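Summary of structural features
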Amino acid sequence: MPKRHISLGRELFPWERKVLESCRLYLVGGAVRDLLLGRADLDLDLDYLAAGIDEDSLLDLLSNIGRAALVGRSFGVVKFRTPEGITVDIAMPRSEVSTGPGHRDFRVISDPGMPVASDLERRDFTVNSMALDLGDLTLLDPLGGSDDLDRRVLRVNRETSFIEDPLRIMRGVQFMARFGLEAEPGTRALMERDRALLETVSKERVRDELNKMMLLSERPSRGFIFMHETGILPIVIPELDAAWGAEQNEFHPDDVFHHSVKSCDTAERELLIRWCALLHDLGKPKMKTEIEGRTVFYRHEEESARLAGEILTRLVFPVTFVSGAKHLISHHMFMITEEWSDSAVRRFVAKVGAENIEDLLKIRRADGASRGDAGIGDEVEYSRKRIEKVIREESAFRRSDLALSGSDIMRITGVLSLIHI
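Residues numbered from 1 in each chain as written. Predicted model: local features only at pLDDT ≥ 70, side-chain atom pairs only at ≥ 80, totals over all residues. Heavy atoms only, no water.

**Regarding the nonpolar core**
Operational definition: As used here, the term nonpolar core means buried Ala, Val, Leu, Ile, Met, Phe, Trp, Tyr and Cys residues forming a set that is joined through side-chain atoms within 4.5 Å. For every residue, the accessible area obtained with a 1.4 Å probe (protein chains only) is divided by the maximum for its type, and the residue is called buried under 20%, exposed over 50%, and partly exposed between those limits. By the convention used here, residues are in contact when the closest approach between their heavy atoms is within 4.5 Å.
Judged by nonpolar contacts, the single largest core of 73 residues is most densely connected at Leu 210, Phe 224, Met 227, Ile 232 and Trp 275. For Leu 210, the contacting residues outside a window of four places in its chain are Met 170, Phe 224, Met 227, Val 236, Ile 237, Trp 275 and Leu 315.

Here it is, written out as structure tokens:
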């Protein structure tokens, strides 16, 4: 098969040329995948593979160019700070040896003589198992990852991959959402088979994959729908899974689940905003009631805020993130109209905090856009103008702007002494 040449989209860094004088150097993993997707202009996490050189020689070579430190001999990865100020990971071809029955019971062995293809085959998915030889810019693709990428297929490398590291299930989900991939039947079946192993993964690692999906995917809903269909979501966010099929009222064409994930899709790509958009209505199933033939969800925002707090705390988000999300969700049910007096707007701003207004408007816009509300843009802009007006008026003349306070005047006039008497 003829070699496939790939454009790197840039000149080699001087340090890359220097390393190539002593060994073979490959760009591997996500960076190669993103090059093939035409995303080379994005900020990439650069991972390299150095072949034909032993660990000590590689450390000496890199230390003479920039700053290099071995990240645990059990992993055989060098953290390298380049002269350009970029931090990259450089590994040598490695294999894993089982040391026990658990998926964490393994030892990594670096082998400078191991074929690079063997190292690639031990990775997670075919689309991440490609290498670009920086010596001649040819693609090494032993598992057909480039073909899978062209066909938008997610294919796991081997049957035991999710047993070896269950977090790969979540990585696969976020790759599907980010790149519009479909899991091929065998991979989907393995994800369903091994999903219970996610219970053994730290919540922080699961959170990090969800955050990547939130920030890097145009449509996180793809991932959440797939997780529901495969039984993964009840393990990760059971409260969201329970919203599937929870019908709403005439103002919402979708059930609570689909409205929630659509709101997440339409929200701006900011972590707090997307999480709030996803969780803002999860209290509806519990608060649903019928009044005079109408379906209503009175005070669902309070229940939604409570559930959001539980979910985000369980996923080990920072306390400030959790409290901020709860605050925004608990106040998302507002609509400033012409009937609102300036005093009412002023009280609203005081209650939610001027610093939270913009985030609240973003959530409001995502909520309305997700259910096809054509007037949501005008509504949000009207609210913004009314709020800006009262804030300007408030800041134009405040008590703190006075040269003398009431206490000062009382002290000067002697009133304060009379009070003390």
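**Quick word on the sheet that holds strand β3 (residues 67-70)**
So the rule is basically this: Strand pairing is defined by DSSP finding a minimum of two bridges between the two strands. Each helix is a run of H or I in the DSSP string that is no shorter than four residues. Each strand is a run of E no shorter than two, and both are numbered from the N terminus. Orientation is described by axes fitted as lines to C-alpha atoms, over the contacting stretch for helices, and by angles from 0 to 180 degrees between their N-to-C directions.
Spatially, 7 strands are ordered β3-β4-β5-β2-β1-β8-β9 in an open sheet, and the strand pairing comes out mixed. The open sheet has two edge strands, β3 and β9 (138-140), and neither has a second partner. Sheet twist, expressed as the mean angle between neighbouring strand axes with direction ignored, is 30°. Relative to β3, helix α3 (residues 55-63) is tilted by about 155°, and along the sheet it contacts β2 (47-51), β3, β4 (77-81) and β5 (87-91).

**Some details on the packing of aromatic side chains**
Using the following cut-off: The rule is short: rings of Phe, Tyr and Trp, with Trp giving its six-membered ring, pair when the centres are within 6.5 Å, and they are stacked under 30 degrees, edge-to-face over 60, tilted in between.
Under the defined criterion, the tally for this structure stands at 10 aromatic pairs. On the numbers, 5.0 Å between centres and 70° between planes, the contact of Trp 15 with Tyr 48 is edge-to-face. Of this pair, Trp 15 sits in helix α1 (residues 14-20) while Tyr 48 sits in strand β2, and the two are 33 residues apart along the sequence. Of the residues examined, Trp 15 reaches a relative accessible area of 3% and is grouped as buried. Here Trp 275 and Phe 317 contribute two aromatic rings whose centre-to-centre distance is 5.4 Å and whose plane-to-plane angle is 75°, an arrangement assigned as edge-to-face. Residue Trp 275 is found in helix α14 (residues 271-279), and its partner Phe 317 is found in the loop between α16 (300-314) and α17 (319-330); the two are separated by 42 residues along the sequence. Summarising the burial analysis for this pair, Trp 275 and Phe 317 share the class buried. Every member of this aromatic cluster is reached through a ring pair, and the members are Phe 125, Phe 162, Phe 175 and Phe 179.

**Remarks on the pattern of salt bridges**
Which entries qualify depends on this criterion: Any Lys or Arg side-chain nitrogen located within 4 Å of an Asp or Glu carboxyl oxygen qualifies as a salt bridge.
With the rule as written, the count across this model stands at 40 salt bridges. A salt bridge links Asp 89 to Lys 79, with the shortest nitrogen-to-oxygen separation between them at 2.8 Å. Within this pair, whereas Asp 89 is found in strand β5, its partner Lys 79 is found in strand β4, the two being separated by 10 residues in sequence. With a relative accessible area of 23%, Asp 89 lands in the partly exposed category. We note a salt bridge from Glu 302 to Arg 299, for which the minimum N-O separation is 2.9 Å. You can call Glu 302 partly exposed: its relative accessible area is 40%. What makes Arg 299 exposed here is its relative accessible area of 53%. Residues joined in a network through salt bridges with shared partners are Asp 342, Arg 346, Arg 386, Lys 389 and Glu 393.

Note that every value here comes from positions in space, so none of it alone points to a role or purpose.
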